[in-house]
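So you can see what is in the structure, the chains are spelled out below.
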Amino acid sequence: MKETVPKENLLEYSSRYLRKVFTGFSSLIQGMDITIKYFLNPKTVITQQYPENRDTLKMFERFRGPLSMPHDENNENACTACGICEKACPNGSISVLSTKDLSGRKVLGKYVYRISQCAFCGLCVEACPFGAIAMTRDFELTVYDRNELTWVLNKPQNTSDTTQGEC
Ligand code: SF4
Ligand code: SF4
């Protein structure tokens with residue numbers, strides 16, 4: 001059986017209309033109130049003004065950016081090429097390519113890191129028994145060429161940033 005929708009009388013319609021007008025007006029006042037408070041007291045503003053604050057912006061302690069391999073003043077790192085981090089990575093983002101030194105000892109050849117596959121989970125850092133890798137707090141990672149998303153971490157550039165030796 002087809003149900004009939006009861007028709008709204010003029011009084012009900014007017015009342016619903018006025019309620020909506022009142023709600024809209026009230027939310028407008030609330031928004032204006034917040035805007036005026038922030039305008040008069042800018043120190044209370046929580047939103048970061050990026051990129052205007054780029055020079056002073058520091059990411060939070062718990063923020064995890066791309067992987068890095070710290071090098072000392074002699075340009076040496078602590079990686080032994082054991083491959084534990086590679087096995088710990090759930091995304092296959094790491095390839096530890098080992099080689100041998102003059103005495104036949106296994107050493108790190110290339111530490112390949114594919115940032116495009118990285119979930120920034122930090123499992124590799126936790127798994128490394130030598131503290132050879134760390135997460136940075138870098139966040140400006142945009143590139144034009146996807147090939148630039150594969151880095152060799154044990155080949156530091158001639159800068160203070162050791163993370164972005166491209167493969
Ligand atoms: S942070 Fe996670 S996803 Fe990224 S390389 Fe390490 S283990 Fe793999
Ligand atoms: S970074 Fe650590 S876990 Fe990974 S290969 Fe090097 S020493 Fe092993």
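Calculation criteria
- Counting restarts for each chain, with residues numbered from 1 along the sequence as it is written.
- Both sets of labels track the order of writing: A upward for chains, 1 upward for ligands.
- Selection of residues for local features in this predicted model requires a pLDDT of at least 70, selection of side-chain atom pairs for listing and counting requires 80 or more, and totals for whole chains, interfaces and linings are taken over all residues.
- Calculated side-chain values reflect all of the structure's heavy atoms, with hydrogen atoms and water omitted.
- Strands are runs of DSSP state E lasting at least two residues, helices are runs of H or I lasting at least four, and both sets are numbered from the N terminus onward.
- Exposure categories follow from relative accessible area, calculated using a 1.4 Å probe and restricted to protein chains: below 20% of the type maximum is buried, above 50% is exposed, and the middle band is partly exposed.
- Should any heavy atoms of two residues lie within 4.5 Å, those residues are counted as being in contact.
- Where accessible areas are quoted, they stem from the Shrake-Rupley method and a 1.4 Å probe; at the residue level, only the protein chains shown are allowed to cover.
- Whether a residue is near a molecule or strand depends on its heavy atoms: if one lies within 4 Å, it is near.
- Note on residue categories: nonpolar means Ala, Val, Leu, Ile, Met, Phe, Trp, Tyr, Cys or Pro, charged means Asp, Glu, Lys or Arg, and polar means any other residue, Gly included.
- At least two DSSP bridges between two strands are required for those strands to pair.
- Axis lines are fitted through C-alpha atoms, for helices just across the contact stretch, and the angle between N-to-C directions can take any value from 0 to 180 degrees.
- Patch membership needs two things, relative accessible area over 30% and no salt bridge, and members are linked within 9 Å if like-charged or within 5 Å if nonpolar (Val, Leu, Ile, Met, Phe, Trp, Tyr).
- By salt bridge we mean one thing: a side-chain nitrogen of Lys or Arg within 4 Å of a carboxyl oxygen of Asp or Glu.
- To qualify as a nonpolar core, a set must consist of buried Ala, Val, Leu, Ile, Met, Phe, Trp, Tyr and Cys residues joined through side-chain atoms within 4.5 Å.
- We call Phe, Tyr and Trp rings a pair once their centres come within 6.5 Å, taking the six-membered ring for Trp, and we label the pair stacked below 30 degrees between planes, edge-to-face above 60, and tilted otherwise.

1. Regarding the overall build of the protein chain
For the protein chain, the count of helices and strands is three helices and five strands. Counting helices and strands in the order they occur from the N terminus, the protein chain gives α-β-α-β-β-α-β-β. Counting every position in the protein chain, which comprises 167 residues, the buried fraction comes to 22%. Looking at the protein chain alone, contacts between residues at least 24 apart form 60% of all its contacts between residues at least 6 apart. Of the accessible surface of the protein chain, which amounts to about 13,100 Å², a share of 56% is contributed by carbon and sulfur atoms.

2. A closer look at the site of ligand 2
Around ligand 2 sit 14 residues, and of these Cys-79, Cys-82, Gly-83, Cys-85 and Cys-128 come closest. When its residues are assigned to classes, the shell around ligand 2 shows 12 nonpolar, two polar and no charged.

3. Thoughts on the sheet that holds strand β3 (residues 106-114)
Sheet strands pair via backbone hydrogen bonds, and the direction of the pair is either parallel or antiparallel. Reading across the sheet, the three strands line up as β2-β3-β5 and stay open at both edges, with antiparallel pairing between neighbours. Every other strand in the sheet has two partners, leaving β2 (94-100) and β5 (150-152) as the edge strands with one partner each. In this sheet, neighbouring strand axes are inclined to one another by 25° on average, regardless of whether the strands run parallel or antiparallel. Pairing analysis gives three bridges linking β3 to β5, with the strands arranged antiparallel. Along β5, the bridge assignment pairs Arg-114 with Thr-150.

4. Some thoughts on a nonpolar patch on the surface
A contiguous nonpolar patch, built from Phe-25, Leu-28, Ile-29, Met-32, Ile-36, Phe-39 and Leu-40 and spanning about 800 Å² of accessible area, is present on the exposed surface. Its place among the elements puts Phe-25 in helix α1 (residues 10-40).

5. Here we look at the pairing of β2
Inspection of the sheet shows β2 paired to β3 by seven bridges, in the antiparallel sense. The residue of β3 that forms the bridge with Ser-98 is Leu-108. Hairpin remark: β2 followed by β3, antiparallel, with five residues in the connecting loop; positive phi at Gly-104, about 85°.

6. Things to note about the nonpolar core
Counting residues in hydrophobic clusters, the biggest one holds 20 residues, and the most contacted among them are Leu-67, Ile-94, Tyr-111, Tyr-113 and Ile-133. Sorting the residues of this core by element identifies β2 and β3 as the ones contributing at least two each. Discounting residues that sit within four places of it in the chain, Ile-133 has contacts with Leu-67, Ser-68, Met-69, Pro-70, Cys-85, Tyr-111, Cys-124, Val-125 and Cys-128.

7. A few points about the packing of aromatic side chains
All chains considered together, the criterion is met by two aromatic pairs. Where Tyr-50 meets Phe-139, the ring centres are 5.8 Å apart and the plane angle is 65°; that geometry is what we call edge-to-face. Of this pair, Tyr-50 sits in the loop between α1 and β1 (67-68) while Phe-139 sits in the loop between β4 (134-135) and β5, placing them 89 residues apart in sequence. Residue classification places Phe-139 among the partly exposed positions, given a relative accessible area of 33%.

8. Digging into the pattern of salt bridges
The final tally for this structure, using the stated rule, is four salt bridges. Note that Glu-61 and Arg-137 form a salt bridge whose closest N and O atoms lie 3.4 Å from each other. Residue Glu-61 is found in the loop between α1 and β1, and its partner Arg-137 is found in the loop between β4 and β5; the two are separated by 76 residues along the sequence. Glu-61 gets classed as exposed once you look at its relative accessible area, which sits at 69%. Under the relative-accessibility criterion, Arg-137 is labelled partly exposed at 36%. A salt bridge links Asp-101 to Arg-105, with the shortest nitrogen-to-oxygen separation between them at 3.3 Å. Under the relative-accessibility criterion, Asp-101 is labelled partly exposed at 25%.

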